[in-house]
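Here is what each chain is made of, one letter per residue.
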Amino acid sequence: MAASDRMVLGPLVGAIDQGTSSTRFLVFNAKTAELLSHHQVEIQQKFPKEGWVEQDPKEILKSVHECVERTCEKLQQLNIDITNIKAIGVSNQRETTVVWDKTTGEPLYNAIVWLDLRTQSTVERLLKRIPGKNKAFFKFRTGLPLSTYFSAVKLRWLLDNVEEIRQAVDDGRAMFGTIDSWLIWSLTGGKNGGVHCTDVTNASRTMLFNIHSLEWDPELCQFFDIPMEILPKVRSSSEIYGLMKICPSLKSGALTGVPISGCLGDQSAALVGQMCFQDGQAKNTYGTGCFLLCNTGQKSVFSEHGLLTTIAYKLGRDKPVCYALEGSVAIAGAVVRWLRDNLGIVKTSQEVEKLAAEAGTSYGCYFVPAFSGLYAPYWEPSARGIICGLTQFTNKNHIAFAALEAVCFQTREILDAINKDCGIPLNQLQVDGGMTNNKVLMQLQSDILCIPVVKPSMPETTALGAAMAAGAAEGVGIWSLNPGDLTAVTCERFEPQINPEESEFRYARWKKAVMKSMGWETSEAPSNG
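Because the structure is a prediction, the values reported are computed rather than measured.

**Structural notes on the packing of helix H10 (residues 333–343) against helix H12 (residues 396–422)**
Part 1 of the argument: Direction vectors running N to C along H10 and H12 enclose 160 degrees, while the axes themselves pass 9 Å from each other. In terms of their interaxial angle, H10 and H12 are classed as roughly antiparallel. The interaxial crossing formed by H10 with H12 has right-handed handedness. Contacts from Val335, Val336 and Leu339 in H10 reach Ile399, Ala400, Ala403, Leu404 and Val407 in H12.
Part 2 of the argument: For the contact of H10 with H12, the residue count by class is 8 nonpolar, no polar and no charged.

Written out as structure tokens, the structure reads:
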């Protein structure tokens, strides 16, 4: 085909969106922000023991290669010239921890996923070394409570329990990174000159990073006994980190030499993709977990109500850092996957919406999916999942409805906390993520919050945020982030349809159920491992 027959669209930007349950590669038009093509691959999660969650870093990398390759094929079928892809951004599941050998390029253990609970005893051991066993001891430095959720304790566990990793550290062969670091290092050459870096948003989730000085904190590294030489270099979220190196024989080989120039943890990426650049703007992403972030501008706000203080973005080496308050819920979409894969009451995730719609109510049944303990606002690792209020009348439709309602109640708890911490109640909630395709869920969310829920018609805001950061980077400069240049987004709105009294009654019952889920697990129990 002659080059002149190809569609001329101007510059394009690719985005790698590596989530907990799937990997995607998406390509956007830098001028219009239109999504042109994408490909998605589901990622296997391994549960080797109760509470353990792992993934294979090589499978993750392979899924990225596959998504890039397939998307390039789709673009060529659409007559779109892939040599117009001028930059690539990376967005990733945060906290998930990888250690690899820089001489062979091989991972030294499976990735320990953010949801994993094996480090509970590590956390308890570390707490004993803190005055008054205060979980919030490092809060003003890191924005985070001591929890199984963050990378430092996962890395500590790997150093304590995996001989190959200890050996590699002693030999100076080990590299640590969250998923963004593993991907960028691998895609920019790996053992042949790969760039070992991360960005401020991902670094802020390790518990080793000082969110004020924007540097790895020597005292924190000493406390967790982590050797600083294995840590990646911390960069801004929007700058050229390195150039893509892809086998020239592949279709995607055309991307060799394209800069990787954007990197944001998935929740920060969604904040950018939702254009929440103003102080007080917020978004809620419904993925495996549920994450509500509220931009607090250039000042870090510390929560009195169980929220995290995290870095929202730093869109350029010389640009200011912006902070956010975050409410993190461990289980959202994961509850639907559990109904599908563990209980087998549905064959596809879409069926849950159908069952819930048939029921129209949970009929007094409440589901607290505390599979990995409770995150915000409780931070209660001893909680476990419960379904209560069951009668002989309850059927799978009611349980499906209660599962969706659980996602909404958890969001309400976080929204209440954000409203208390910020003092300005949100008058609507901007939403995104895979679960927002579920209209029953979106209507329920509006009913339970008593405010409108607003969903952009292009739900891939996480990938869009990574693409924006990549396209706007110095040396790329094809995507303008000036407020006047940002494309207006078309949205779907869901307005509350029940009276607030009913909403309050159901919310009060939910809180009662949450109390019953707590204090279930003790780490002193005899191990069956």
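**With respect to the packing of helix H11 (residues 350–359) against H12**
Part 1 of the argument: Put simply, H11 and H12 touch, their axes get as near as 7 Å, and they point 110 degrees apart. Classified by the angle between their axes, H11 and H12 sit roughly perpendicular to one another. Across the interface between the two elements, Val352, Leu355, Ala356, Glu358 and Ala359 of H11 pack against Lys396, Asn397, His398, Ala400, Phe401 and Leu404 of H12.
Part 2 of the argument: The residue inventory of the contact of H11 with H12, partitioned by class, reads 7 nonpolar, 2 polar and 2 charged.

**Some words on the sheet that holds strand E13 (residues 238–243)**
Part 1 of the argument: Strand order in the open sheet formed by 6 strands is E3-E2-E1-E5-E14-E13, with mixed pairing between adjacent strands. Both edges of this open sheet fall to strand E3 (35–42) and E13, since each of them pairs with a single strand only. Going across the sheet, the axis of each strand differs from the next one's by a mean of 25 degrees, ignoring polarity.
Part 2 of the argument: As defined by bridge partners, strand E1 (residues 12–18) adjoins strand E2 (residues 22–29) across 7 bridges and the pair is classed as antiparallel. Residue pairing across strands places aspartate 17 opposite arginine 24, the latter belonging to E2.

**Observations concerning the pairing of strand E5 (residues 85–92)**
Part 1 of the argument: Counting buried positions along E5 yields 7 of 8 residues, so the element is predominantly enclosed.
Part 2 of the argument: Sheet topology places E1 next to E5; 7 bridges connect them, and they run parallel. In the sheet register, leucine 12 faces E5, and the bridge partner there is isoleucine 85.
Part 3 of the argument: Of the strand pairs in this sheet, E5 and strand E14 (residues 259–265) are connected by 5 bridges, and their pairing is parallel. Residue pairing in the sheet places valine 90 in a bridge with cysteine 263 of E14.

**Remarks on the UniProt feature "domain: Carbohydrate kinase FGGY C-terminal" (unreviewed entry) in the protein chain**
Part 1 of the argument: The positions UniProt marks with the feature "domain: Carbohydrate kinase FGGY C-terminal" (unreviewed entry) are residues 283–473.
Part 2 of the argument: Within the segment residues 283–473, helix and strand shares are 37% and 21% respectively, and the terminal C-alpha atoms sit 24 Å apart.

**Focus: the side chain of aspartate 199**
Part 1 of the argument: Here aspartate 199 shows up in strand E9 (residues 197–199).
Part 2 of the argument: A distance of 2.9 Å separates polar atoms of two side chains, one belonging to aspartate 199 and the other to serine 237.

**Focus on the pattern of salt bridges**
Part 1 of the argument: Evaluation of the coordinates by the stated rule reveals 32 salt bridges.
Part 2 of the argument: Among the ionic pairs, arginine 125 bridges to aspartate 160, the shortest N-O distance being 3.0 Å. Taken together, the residues arginine 125 in helix H2 (residues 120–127) and aspartate 160 in helix H4 (residues 151–161) connect sequence positions 35 residues apart.
Part 3 of the argument: Look at arginine 125 and you get partly exposed, because its relative accessible area is 42%.
Part 4 of the argument: A salt bridge links lysine 439 to glutamate 492; the nearest nitrogen and oxygen atoms lie 3.5 Å apart.

**Brief notes about the sheet that holds strand E21 (residues 429–432)**
Part 1 of the argument: Ordered in space as E17-E18-E16-E15-E21-E22-E23, the 7 strands form an open sheet in which the pairing is mixed. Two strands close off the open sheet at either side, each with one partner strand: strand E17 (308–313) and strand E23 (491–494). The average angle at which neighbouring strand axes cross in this sheet is 30 degrees, direction not considered.
Part 2 of the argument: In this structure, E21 lies alongside strand E22 (residues 453–456), joined through 2 bridges in parallel fashion. Bridged to leucine 429 within E22 is valine 453.
Part 3 of the argument: Along the sheet, H12 makes contact with strand E15 (282–286), strand E16 (290–297), strand E18 (322–329) and E21, crossing E16 at roughly 15 degrees.

Each value, and the rule that gives it
- Residues numbered from 1 in each chain as written.
- Predicted model: local features only at pLDDT ≥ 70, side-chain atom pairs only at ≥ 80, totals over all residues.
- Heavy atoms only, no water.
- Axes fitted to C-alpha atoms, helices over the stretch in contact; angles between N-to-C directions.
- Helix = DSSP H or I, 4+ residues; strand = E, 2+ residues; numbered from the N terminus.
- Parallel < 35°, antiparallel > 145°, perpendicular 65-115°, else oblique.
- Left-handed = near helix turned anticlockwise from the far one by under 90°.
- Contact = heavy atoms within 4.5 Å.
- Nonpolar A, V, L, I, M, F, W, Y, C, P; charged D, E, K, R; others polar.
- Pairing = 2+ DSSP bridges.
- Buried < 20%, exposed > 50% of the residue type's maximum accessible area, 1.4 Å probe, protein only.
- UniProt positions renumbered as here; feature names shortened; annotations may be inferred.
- Polar contact = N/O pair within 3.5 Å; in protein donor to acceptor, adjacent residues only side chain to side chain.
- Salt bridge = Lys/Arg side-chain N within 4 Å of Asp/Glu carboxyl O.

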